[in-house]
Amino acid sequence: MLVLLILHVVAALVAPLLVRWWGPRACYPLALAPAAAFGWALARTPAVAHGGAIVETYPWIGQLGLDIALRLTTLSWLMTLLVGGVGALVLVYSARYFDAGSPGMAQVAAVLVAFAGAMLVLVFADDLLLLYVGWELTTIFSYLLIGHSTERRASRWAAAQALTVTTLGGLAMLVGFILLGEHAGSYRWSEIAAHPLPGGGYLVTAVLLILAGALSKSAVLPFSSWLPVAMAAPTPVSAYLHAAAMVKAGVYLVGLLAPVLATVGPWRPVVLIAGVATMLVAGWAALRQNDLKLLLAYGTVSQLGLLVAVTGSGTPDAALAGTAMLLAHALFKAALFLVVGVIDHGAGTRDLRELSGLRRWSRPLFGVAVLAAASMAGVPPLVGFVAKEAVFAAFTSDPVVLAGLVAGTVLTVAYSARFLWGAFADRPGVEPVPPAPVAVSMLLPPAVLAVVGLLAGPAAGVLDGLLSPYAELLGTLDAHLTLWPGPTAALGLSVLALAGGILLFALRGPLAPALARLRSPVGGNQGYEWVVGRFDRFAIGVTGATQRGSLPQYLGLILVTLVLLPGGAMLAAAPWRARLPLWDNPLQPVVVVVIAVAALLAVGARRRLTAMLLVGVTGYGTAMLFILHGAPDLALTQFLVETATIAVFVLVLRRLPQRFSARPLRRSRWTRRAIGVAMGVVAGGLALVAAGARRATDISTVFPALAVGEGYGRNVVNVTLVDIRAWDTMGEVSVLVVAATGVASLIFERSRTGPRPRRPESAEGAAPPHRPVWLRGGPTLYEEQRSLVLEVVTRLIFHTVVLFSLFLLFSGHNAPGGGFSGGLVAGLALVVRYLAGGRYELTDAAPVGAGLILGAGLALAVGTGAVALLAGGSVLQSAKLDVSLPLVGDLHLVTSLFFDIGVYLIVIGLLLDILRSLGAEVDRHIEATGTESGGLAIDKGGRP
């Protein structure tokens, strides 16, 4: 089974390439994938003929206890035959249905094969969660197939509606699966079915949620509106998804669960009422359709209601009848959809009011349509008659349901006759459709399906033997599938239904006004639009009430939530009861007072720059606390990060007003202060609770030994970053790359990877001969923007700072430092160079693109992990290299150093990207718009 799934994945992946080579004819080799599934299932018939099962299990997600558990039983064997057989025929049909060069042909072919594979996942799955994966894959692929014609609004709307309805149902079903799995103690359906389930409201809730998913997938009321709208899809898609595959998923799920859950309180009322109501309402709607495809769509909804009612009723006889009807419906409905595709392809219309003379246009096509429609109407000796007889016989003891089924069958006969009459009858006043040849590859698939439906009727005894093992899961069978049941009540009801349907069709003229008036005041599609519209309005109202564009309001809401929820839980822990020392070092209270005073002054500051500097003081104070606690690595990083943050803020503040906006009202100020104090108390309390809640031994206690023994370094912090918790660091540096890209994309009007700005030629030699040039970019600035002291200091210390950053990089494995700290130091050196000499000086200092540095750093970090894997170790595992060099001596290198170099490059690239976007690019904006004074010391004539 797993091989079949892999085969479908491979076929879907190569489909676009095959279509590019061979055009629509690529569907012929692609049909081999579902055909292989059909052949495989056919070869496994003896294994499941007597109730046996084929089981395959493969490990998947061990931490969740989730395996790829596959199981083939009678019901899944039948679905595999339908999914594989009809899928192969539809692909053969598509080879001539689509013209060469049809837009999106590659996507249709690939997604059709992928959809077939997803259906196989669904029907093979023994694990409920794996079943859900297949379920949602079919939803996604059906969305792509229904929305094939992306240029048409109707197609996009139909795809979105199908996706919305079936996804919501699928999410409800997932919750039901989780409830059921937890209730039963297992997610394996074979294990759940083998033991009795404890009852109660928990199980009832799970059943209702699962039924919501099943009914939405099979378009049963109240979820029927999406399927007729989905007829915007190409006809081969409709023949497969909406006759043999996707819509059968809900029926399959009901049939799979019925042997165990049919006795749960709400199960039978829900499936019977919803199923019979759907059969009647949709059958009546089919009689009003003039589009042949829509007629079949409403007929499909009607038949799906019948299937859900029969397979979900929970009796052995009904289960046998349901599987027989499942087979019959796939055969005749897929054949009829394909017939409509031939008509539409040749005549150019599906409107029965515009069709005439098609009976003489293609007599073989007419014969195929007669066989399929007769099976749909339940005419002997076709398989549809056998299934319908079994359905009537199964409900003879339930007259209310039986009456609904008979009435629905009358409607089925009537719209079957309407289909044949609408497609092939001669109409006065309508020009006959000119004859056109029908390709054999388009006629053969529906002919095969119709002939199989004809042969399966006389072979009812064989079908009974193959399908009975499933029905016997519910009890002992009293009836069996047979072509001639004898003079029974079911036969009389069949005759009555045929006669009633023919009479209803014959009276279509006089009944036309009644057909037009007798309809729901609100159609299913209108109901869906009304619900979606109300949700949209509700969303707009909620968004308008909550998303006011006020950052203080957003922050206040977040902080109040944190105070109320975690703060309320913290009160129960009462952290103040624990006795804690107020300080470990007499300098700690001093630093805390400095931090508190700076924070209070920042709250009242009126200038943005003042507030930013005061916030920076709190950051430096935190770094001092790290020093007093004996954490020099953390302190170094905090100092550097705070300095880099201040530099970035300075760049941003250039484009903001010097002062904050008008201060809020006094009441608002006190509210904000109260929120701030409460949040501070809660944050401190949570820190105490978290510190005192640990009961197990702290994992970090083993880090010092691991750092030396496994990471070959004495700096525990750095070894943790590049070895012990290297995966965490990998994620963090990836976030840095994404953040740099995001900043650049918001600022740059042109590609950041384009040519770097060069100094204007007119600026060459701009400095007077008697004045030394300390920085080459200095002369490009106005004199009032230049600082000779800063230029001199920058010239003197830049290279020393860069060398110091390299020292931190290489010494960080055994001493304070590392790639992150070293990268920040090198980045700050570039910041100073930019502040002293402007954007052209930055270009001279770093002529390499920031994107290249970021990419090289990430590639080096990832490559280090890959090399360890290739060397036979685990990803990012460190190794020590001892090298002896002449004149240098012995060197001891650790492979994690190269990972640290990658981190070093990423940090430099991030700061360089920020400097070029928030610095140099903003400078260019200022120069171009003239919104601020300053800029280049170049006049309009190009002279300095």
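Anyway, here's the lowdown on the structure attached to this text.

Rules of the game
Residues numbered from 1 in each chain as written. Predicted model: local features only at pLDDT ≥ 70, side-chain atom pairs only at ≥ 80, totals over all residues. Heavy atoms only, no water. Patch = residues over 30% accessible without salt bridge, like charges linked within 9 Å, V, L, I, M, F, W, Y side chains within 5 Å. Areas by Shrake-Rupley, 256 points an atom, 1.4 Å probe, with all protein chains shown as cover. Salt bridge = Lys/Arg side-chain N within 4 Å of Asp/Glu carboxyl O. Lys, Arg positive; Asp, Glu negative; His and termini not counted. Charge placed at Lys NZ, Arg CZ, Asp CG, Glu CD. Helix = DSSP H or I, 4+ residues; strand = E, 2+ residues; numbered from the N terminus. Buried < 20%, exposed > 50% of the residue type's maximum accessible area, 1.4 Å probe, protein only. Expected span 1.5 Å × (residues − 1). Axes fitted to C-alpha atoms, helices over the stretch in contact; angles between N-to-C directions. Parallel < 35°, antiparallel > 145°, perpendicular 65-115°, else oblique. Left-handed = near helix turned anticlockwise from the far one by under 90°. Contact = heavy atoms within 4.5 Å. Nonpolar A, V, L, I, M, F, W, Y, C, P; charged D, E, K, R; others polar. Phe/Tyr/Trp six-rings, centres within 6.5 Å; stacked < 30°, edge-to-face > 60°. Lys NZ or Arg CZ within 6 Å of the ring centre and 35° of its normal.

## Here's the deal with a positive patch on the surface
Among the surface-exposed residues, Arg-606, Arg-607, Arg-659, Arg-669 and Arg-673 lie close enough to one another that they form a single positively charged patch. Secondary-structure assignment places Arg-669 in helix α30 (residues 666-693). Judged by relative accessible area, which is 32%, Arg-669 ranks as partly exposed.

## Details of helix α19 (residues 383-394)
Taking 1.5 Å of rise per residue, 12 residues should cover 16 Å, and α19 covers 17 Å from first to last C-alpha, within 8% of that figure. In terms of burial, α19 is a largely internal element, 11 of the 12 residues being buried. The set of residues buried in α19 consists of Val-383, Gly-384, Phe-385, Val-386, Ala-387, Lys-388, Glu-389, Ala-390, Val-391, Phe-392 and Ala-394.

## As for the packing of helix α5 (residues 74-97) against helix α13 (residues 246-261)
One can describe the packing of α5 onto α13 by two numbers: an axis separation of 10 Å at closest approach and a directional angle of 165 degrees. Considering their axes alone, α5 and α13 lie roughly antiparallel with respect to each other. As α5 runs across α13, the sense of the crossing is right-handed. In this structure, α5 contributes Leu-75, Ser-76 and Met-79 to the contact, and α13 contributes Lys-248, Tyr-252, Gly-255 and Leu-256. Of the residues assigned to the contact of α5 with α13, the class counts are 4 nonpolar, 2 polar and 1 charged.

## Brief notes about the environment of Glu-431
If you trace the backbone, Glu-431 turns up in the loop between α20 (399-424) and α21 (440-456). Residues Glu-431 and Glu-354, 77 residues apart in the sequence, show an inter-C-alpha distance of 8.0 Å.

## Observations concerning the environment of Ile-926
Within the secondary structure, Ile-926 sits in helix α37 (residues 896-929). When the C-alpha positions of Ile-926 and Gly-147 are compared, they lie 47 Å apart, and in sequence the two are 779 residues distant.

## Some points on the packing of aromatic side chains
On inspection of all chains with the given rule, the structure shows 9 aromatic pairs. Centroid distance Phe-366 to Phe-424: 5.1 Å. Interplanar angle 65 degrees. Geometry classified as edge-to-face. Placement of Phe-366 in helix α18 (residues 363-377) and of Phe-424 in helix α20 is noted, with a sequence separation of 58 residues between them. Judged by relative accessible area, which is 1%, Phe-424 ranks as buried. Measuring from ring centre to ring centre gives 6.3 Å for Phe-804 and Phe-807, while their planes differ by 20 degrees; the resulting arrangement is stacked. Residue Phe-804 and its partner Phe-807 are located together in helix α34 (residues 788-811), separated by 3 residues, close to a single helical turn. Look at Phe-804 and you get partly exposed, because its relative accessible area is 41%. Ring-pair connections join several aromatic residues into one group, and the members of that group are Tyr-93, Tyr-97 and Phe-98. A cation sits over an aromatic face here: Arg-833 above Phe-798, 4.6 Å from the ring centre.

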